[in-house]
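Okay, here's what each chain looks like letter by letter:
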Amino acid sequence: MATSKPQRTPEEVEDIILRKIFLVSLSDTAANSDSRIVYLEMAAAEILSEGKELRLSRDLMERVLIDRLSGSFPSADPPFEYLIGCYRRAYDEGKKIAPMKDKNLRSEMESAVKQAKKLSVNYCRIHLGNPDLFSSGNSSDSGKPNGSPLLPLIFSEVGGTLDGFGGTSSGGIQSPPGFLEEFFRDGDFDSLDSILKGLYEDLRLGVLKVSALGNFQQPLRALMYLVSFPAGAKSLVSHPWWIPKGVYLTGRAIEVTSVLGPFFHVSALPDHNTIYKSQPDVGCRILLGLKLLKSIATLTANGADWLLARFRYVQQCFSEASTRRQNDLLSSFTTIKTVMNNLYDGLSEVLLVLLKNQDTRQNVLEFFAEVINKNSSRAHIQVDPMSCASSGMFVNLSAVMLRLCEPFLDANLTKKDKIDPKYVFNGDRLDLRGLTALHASSEEVAEWTNKTSQGQRDGENRLLQSQEATSSGSNAFGPSITNTSSGEKTKYTFICECFFMTARVLNLGMLKAFSDFKNLVQEISRYEETLTTLKAMQQQTPSPPMQLEITGLEKEIELLSQEKLCYEAQILRDGTLIQCAVSFYRLMVVWLVGMVGGFKMPLPATCPEEFACMPEHFVEDAMELLIFASRIPKVLDGVLLDDFMNFIIMFMASPNYIRNPYLRAKMVGVLNCWMPRKSELGGSSATASLFEGHQLSLEYLVRNLLKLYVDIEFTGSHTQFYDKFNIRYNIAELLEYLWQVPSHRNAWRRIAKEEEKGVYLNFLNFLINDSIYLLDESLNKILELKELEAEMANTAEWERRPAQERQERTRLFHSQENIIRIDMKLANKDVTMLAFTSEQITAPFLLAEMVERVASMLNYFLLQLVGPQRKSLSLKDPEKYEFRPKQLLRQIVQIYVHLARGDTENIFPAAISKDGRSYNDQSLLQLFTAAADVLRRIGEDGRIIQEFAELGAKAKVAASEAMGTEAVLGEIPDEFLDPIQYTLMKDPVILPSSRITIDRPVIQRHLLSDSTDPFNRSHLTGDMLIPNTELKARIEEFIRSQEMKRLGEGLSTQSSKETIQTTDGQMLID
């Protein structure tokens, strides 16, 4: 019969387990059985001297662990690896203990294992906090590691991730289950702080020059993991590089040296600061050469490696994009979009954890404010890449801030009342007071700021109580506290601070990126036009230098195209990001409208101070975003645009609310993008309702467009003369569309009747001015172009000219082509609008102050199109220049006929005949006849031709009558002549300032374009004119007397003739 195995005592079991965990022995024989086991001879001697058995126990555990760590054992693991091994072995022993049937023994052993794990963690903290405390004599511990040994454990805990090229990055030591959580959760902050700060520095360095396609996701997940522990969050915001300090601190320095800066730097967008470029480069400009490679290699230890990595990836991703398959590009776009959204989500999670913690929230807001304030110069047209953070950082920050705003961007915008406009003036984090305001001047802003500060001192306590009451229970982050100018504390909710910070970040980030992208596209377009010109010149006169210039330009276009694809990959292809930005600006416009009483018209006569002092870029950014988003297919699908439509209609013609005319013109740009016939929002029905079924639109849209058309004449800019044409072109396109909508056409006719002497007359005047200038400029340029064509066609003479002169003349030729094309496009639009409006609205054209100007314009156009010089305007390819003479002639004749139909007083033929520049008695009928012949050849309606011919006949009769009238009046006294036109005045008025008498129609025509006295430039309006009744009576008397005198002379002559005939007859008879 076999003997039973003797039962071990609990002390023996504990000894066995602890020896396995700590790999130590108190006897020499046990150590010889396993090379990993260390014989603690000194500890054994001390235990024996104390009269204890040579067994490991919980009482001896820490003592034995210290001896093991303090000793020098050549074959043993270094302290950190050893302690990690202890924890892992303790975990394994714990799993073996679990099946024990003896509950008491199991409980005792579990307690021992738990204590072993705790000791391993505690001494791991001690070792990492004081690396020199436990020295090891083996060679493997002689060199210092490149980073914290905890980092590989954290990476193993957060899991592997995709690297930049689709593979997985893994490897390194695995963290024992539960070790890291116990390490960071149970330790006191003082023991963990230095360890955590070292980890954050390692993570920062790990992503310092990593692009969107580098391995940034492991460090990001590690960061997310660390801040999930209270100690980790506290240590992060107390890190000396959380917000770097220094007198010369710049935005770029924050991006590079702060803990979070390098994470925000990860981007696909180009960074033109070569020192801080990321790797691998996502197809950006390769401004590399051997010299540059060597110079940057001196700045970083692995400089050449990361620059060469960019070369390789550019070739793989966006190089030679023009020849790449579309599917390849789409795949690259998808990859970049995915990894960038992973970055946005990770950073958002990190910041949300910190914001929800009362102890760290203020530090996050201070970080945001510092980044914004130090990068305020990013709003400038030219951005210094050495002092400002990269576009990539600010686009990333824009995406993260929009994610933080999501809780208060609900469909009903229920939390908009928590946004306090006084933050602009009293908040001490952001520097908002120096920004250009919507309407107020800087002095007015300062005055209002002082006034609100005084009021705040009077009622501070009541305001605090009110804000606390409104924010309780509904604000996830609680109130933030900032200083007022009075030195007291004002509580602003997180929603309020986040709103204003997001608005600033978007202005410096996403909207700036949109602007950069637009400039990039324009630059590519200019280069392509130049390339076309150079190639044409090279074909005519080949030269090696020009071929080099062509080759260099082609390379530059390729590099710029790569940059364009980078923007497209990160921003344009991310429809969700753009839609979130649109939601934010919807909140912006609704909040702004709340200051003026809501969406209703008309606006209050006086602009509220709060609205007037809001930063101008709040509205400008909203309009820029809408224009940009409207040009990307399907981005605005399902987005509510009604609030934007209301806002635009309310403010685009309200200079008393928004002073900047260019900003109001951008609102027209938005509407122009939304026109159903042009829109890409998913079909005309998506936007037709905004124009055709929208209450404010039906009532005010045409009126405000006409008003803005007039207002844009004077913008205050040195380029206002040229700017107005492009702006008015957009307005004209909208008006042309609205004319096709019956409800808007009726509103238009009503406005023309109500404002016949007001805004509509001004609109008509500027429309005629522009038409005359643009068409005249275009026709003159055509003549110049034909001269250049003749020069170039004379091959023999052309070849004798110097090469440089030929190049200059060729460039001038192509420049003239562009000017003609643009001017003709604008002129066509203006003439078209004159044609369709004059069909139903004729009265304003026939007013005394307008009719002669209209007739003069039409006469001039007719003379150019069918007069003796018409053949000089012939072009080989007129459509290339948008020069359509047949269409222009048809429209000009239609305007003639439309006005003749509405001319109930028969004043239009006389106005036609008065234009001495275009007509004389002999040429009048010839021009009308020539025009009628052309119209017949091009198939114009016969009724139009007939009416036009009849009008010409009436004009000829009127010309004859006018000549008879001039003969009757004879020599007119100077005091009866208008001082400007030198024609007989019919309704003389006195100018109040200069006291000069002038004919009313003449001065009224002047006032349509210029509200000043033409003789001394003082302010003048129509209602200030003083009728000169005495002079008018004298003029009328002069006319009567001349007529009577002429009549008397006629009778006397007739009587004389009759007498002579009788006498003669009598003499003959005699």
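These numbers come from a predicted model, not from an experiment. Counting starts from 1 at the beginning of each chain's written sequence and moves along it residue by residue. It should be noted that, the model being predicted, local features are given only for residues of pLDDT at least 70 and side-chain atom pairs only at 80 or more, the latter also being counted only at that level, while totals for whole chains, interfaces and linings use all residues. Values shown for side chains rest on all heavy atoms present in the structure; no hydrogens or waters enter the calculation.

Description of helix H36 (residues 848–866)
Each helix is a run of H or I in the DSSP string that is no shorter than four residues. Each strand is a run of E no shorter than two, and both are numbered from the N terminus. In this scheme, a helix's expected span is set at 1.5 Å multiplied by one less than its residue total. Helix length check: H36, at 19 residues, gives a terminal C-alpha distance of 28 Å against a target of 27 Å (1.5 Å per residue), a fit within 8%. Working definition: with a 1.4 Å probe on protein chains only, accessible area under 20% of the residue-type maximum means buried, over 50% means exposed, and in between means partly exposed. Across the 19 residues that make up H36, a large majority, 14, are buried.

Some words on the sheet that holds strand E8 (residues 997–999)
Strand order in the open sheet formed by 3 strands is E8-E7-E9, with antiparallel pairing between adjacent strands. Each edge of the open sheet carries a strand with a single partner, namely E8 and strand E9 (1026–1027). By the convention used here, strands pair only if DSSP detects at least 2 bridges between them.

Thoughts on the nonpolar core
As used in this record, nonpolar core signifies buried Ala, Val, Leu, Ile, Met, Phe, Trp, Tyr and Cys residues forming a set joined through side-chain atoms within 4.5 Å. Counting 308 residues, the largest nonpolar core has Leu150, Phe184, Phe500, Phe651, Trp674 and Trp748 as the members making the most contacts within it. Counting contributing residues, this core receives three or more from each of domain 1 (10–129) and domain 2 (764–969). Excluding its chain neighbours within four sequence positions, the residues that come into contact with Leu150 are Phe80, Leu128, Phe179, Leu180, Phe183, Phe184, Ile195 and Leu199. Counting 8 residues, the second-largest nonpolar core is a separate cluster that includes Val989, Leu991, Ile998 and Val1002. Segmentation of the chain into domains, including their bounds, is taken from an automatic or database domain assignment. Residues count as neighbours in contact if any of their non-hydrogen atoms are within 4.5 Å of one another.

Brief notes about the pattern of salt bridges
Side chains bearing opposite charge may pair, as long as their charged atoms lie close to each other. The term salt bridge refers to a pairing of a side-chain nitrogen on Lys or Arg with a carboxyl oxygen on Asp or Glu at a separation within 4 Å. The full count for this structure, using the stated rule, is 50 salt bridges. Salt-bridge contacts for Asp15 lead to Arg19; the nearest nitrogen and oxygen are separated by 2.9 Å. Highlighted residues: Asp15 and Arg19, both in helix H1 (residues 10–22), separated by 4 residues, approximately one helical turn. If you follow the salt bridges from partner to partner, you end up with Glu46, Glu50, Lys52 and Arg63 in one network.

Some points on the packing of aromatic side chains
Two rings from Phe, Tyr or Trp (for Trp, the six-membered ring) form a pair when their centres are within 6.5 Å of each other. A pair whose planes differ by under 30 degrees is stacked, one over 60 is edge-to-face, and the rest are tilted. Following the criterion strictly, the structure yields 35 aromatic pairs and no others. Consider the rings of Phe183 and Phe184, whose centres lie 5.0 Å apart with planes at 80 degrees: the pair is edge-to-face. A relative accessible area of 0% places Phe183 in the buried class. Put simply, the rings of Tyr423, Tyr492, Phe499, Phe500, Phe584, Tyr585, Trp591 and Phe618 touch in pairs and so form one group of aromatic residues. By definition here, charges over rings are those cases where NZ of Lys or CZ of Arg is within 6 Å of the ring centre and within 35 degrees of the ring normal. The aromatic ring of Tyr82 is capped on one face by Arg68, whose charged end is 3.9 Å from the ring centroid. The ring of Phe183 carries Arg125 above its face, with NZ or CZ at 5.5 Å from the centroid.

Focus on the environment of Met667
By secondary structure assignment, the location of Met667 is in helix H28 (residues 661–674). Under the relative-accessibility criterion, Met667 is labelled buried at 0%. Considering only alpha carbons, one finds Met667 and Ala653, 14 residues apart in sequence, at a separation of 9.8 Å. Beyond its immediate chain neighbours, meaning those up to four positions away, Met667 contacts Val619, Met623, Phe647, Ile648, Phe651, Met652 and Ile658.

Focus on a positive patch on the surface
Two distance rules govern patches: like charges are joined within 9 Å, and nonpolar side chains (Val, Leu, Ile, Met, Phe, Trp, Tyr) within 5 Å, applied only to residues with over 30% relative accessible area and no salt bridge. Only the protein chains shown count as cover for residues, and the accessible areas themselves come from Shrake-Rupley with a 1.4 Å probe. His is not counted here, nor are the chain ends, while Lys and Arg score as positive and Asp and Glu score as negative. Here the site of a charge means NZ on Lys, CZ on Arg, CG on Asp, or CD on Glu. A surface patch of like charges, here positive, comprises Arg870, Lys871, Lys886 and Arg937. By the element assignment, Lys886 lies in helix H37 (residues 885–902). With a relative accessible area of 54%, Lys886 lands in the exposed category.

What to know about the confidence of the model for the protein chain
pLDDT measures how confident the predictor is about each residue, on a scale from 0 to 100. Counting all residues, the mean pLDDT for the protein chain is 82, and 84% of those residues have values of 70 or more. Scored below 50 in pLDDT, residues 679–684 makes 15 contacts in the model with residues more than four places away or belonging to other chains. Long-range and interchain partners of residues 1059–1070, a stretch whose pLDDT sits below 50, account for 0 contacts in this model, where long-range means more than four residues apart.

A look at the packing of helix H17 (residues 361–374) against helix H21 (residues 494–508)
Lines fitted to C-alpha atoms define the axes here, with helix axes fitted over just the stretch in contact, and angles between the N-to-C directions of these axes take values from 0 to 180 degrees. Viewed as axis vectors pointing N to C, H17 and H21 meet at an angle of 30 degrees, and their least axial separation amounts to 10 Å. By the criterion of interaxial angle, the relationship of H17 to H21 is roughly parallel. Viewed along their axes, H17 and H21 form a crossing whose handedness is left-handed. For the pair H17 and H21, the contacting residues are Leu365, Phe368, Ala369 and Ile372 in the first and Phe494, Glu497, Met501, Arg504, Val505 and Leu508 in the second. Between 65 and 115 degrees an angle is taken as roughly perpendicular, under 35 as roughly parallel, over 145 as roughly antiparallel, and anywhere else as oblique. Crossing chirality is assigned from the near helix's rotation relative to the far helix, an anticlockwise turn below a right angle marking it left-handed and a clockwise turn marking it right-handed.

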